[in-house]
Every structure is written in C-alpha cells, then in structure tokens.
Amino acid sequence: MADACMKEYVKTTSEAQRATRQGIRDWKQNLDKKASAELSSRGILALQDAMEAQVRTELERLKECLAKIR
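Procedures and definitions
Residues numbered from 1 in each chain as written. Predicted model: local features only at pLDDT ≥ 70, side-chain atom pairs only at ≥ 80, totals over all residues. Heavy atoms only, no water. Helix = DSSP H or I, 4+ residues; strand = E, 2+ residues; numbered from the N terminus. Buried < 20%, exposed > 50% of the residue type's maximum accessible area, 1.4 Å probe, protein only. Contact = heavy atoms within 4.5 Å. Areas by Shrake-Rupley, 256 points an atom, 1.4 Å probe, with all protein chains shown as cover. Expected span 1.5 Å × (residues − 1). Core = buried A, V, L, I, M, F, W, Y, C linked by side-chain atoms within 4.5 Å. Salt bridge = Lys/Arg side-chain N within 4 Å of Asp/Glu carboxyl O.

**Brief notes about the overall build of the protein chain**
(1) Moving on: Of regular secondary structure, the protein chain possesses two helices and zero strands.
(2) Moving on: Taking all 70 residues of the protein chain together, 21% fall into the buried category.
(3) Moving on: Of the contacts formed within the protein chain by residues at least 6 apart in sequence, a portion of 67% connects residues at least 24 apart.
(4) Moving on: As displayed, the protein chain has an accessible area near 5,500 Å², and 53% of this comes from carbon and sulfur atoms.

Below you can see the structure in the form of structure tokens.
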C-alpha cells in the first residue's frame, strides 16, 4: 500500500509540474509584446504559487495515505 501511495504521489506531482510549466510557456508565448517586465514577473510568480499549493495538497494526501498504512 505504501508503494501505491508513493506511485500516486509521484504521478500526481509530476502531472502538476508538467501542467504548470506548460502554463508558464503558453502564458509567455501569448503575452502581449508591450507588457512590462513587472507584469511578466507577477504572472510567473502567480503560476509558481499555484504549483506550490498543488504540491502541498498532494503532500497532505500522501501523509493521509501513509497514516492509514501505519
């Protein structure tokens, strides 16, 4: 069961990271050329914050899963 928890955690966090990286790439490509560097920086930070929140959520799920095993 522990292996299943770890596999699910790795799979989910990898998907979240891939989706966030793709979102950042898409956002940069579609960013208006006249946008300021500050706007670009804030957008990237917002996406990074979203990814970190997703990883924290997945860590909590992993902890819950591992607690059930003990």
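Back to the text.
**Description of helix α1 (residues 2-30)**
(1) Moving on: The end-to-end C-alpha distance of α1 is 42 Å, a good match for the 42 Å that 29 residues give at a rise of 1.5 Å each.
(2) Moving on: Turning to α1, its buried residues number three or more, namely Cys5, Tyr9, Thr12, Thr13, Ala16, Thr20 and Ile24.

**Points about the nonpolar core**
(1) Moving on: Counting five residues, the largest nonpolar core is built from Cys5, Tyr9, Val55, Leu62 and Cys65.
(2) Moving on: Looking at this core, the elements with two or more residues in it are α1 and α2 (37-69).
(3) Moving on: Per-element accounting of this core gives the leading share, three residues, to α2.
(4) Moving on: With residues near it in sequence (within four places) discarded, Cys5 still touches Leu62, Cys65, Leu66 and Ile69.

**Notes on the environment of Met6**
(1) Moving on: Looking at the secondary structure, you find Met6 in helix α1.
(2) Moving on: Looking at Met6, the relative accessible area reads 38%, which means it is partly exposed.
(3) Moving on: The spatial distance from the C-alpha of Met6 to the C-alpha of Leu66 is 8.9 Å, given a sequence separation of 60 residues.

**A short note on the pattern of salt bridges**
(1) Moving on: Summed over all chains, the structure comprises two salt bridges.
(2) Moving on: Across the salt bridge formed by Glu58 and Arg61, the nearest N and O atoms sit 3.1 Å from each other. Here the residue Glu58 and the residue Arg61 both occupy positions in helix α2, the gap between them amounting to three residues, near one helical turn.
(3) Moving on: Accessibility expressed as a relative area gives 5% for Glu58, which makes it buried.
(4) Moving on: The salt bridge partner of Lys63 is Glu60, with a shortest N-O separation of 3.4 Å. On the criterion of helical spacing, the pair formed by Lys63 and Glu60 is a turn pair, its members being three residues apart in helix α2.
(5) Moving on: Relative accessible area serves as the criterion here: at 40%, Glu60 is assigned to the partly exposed category.

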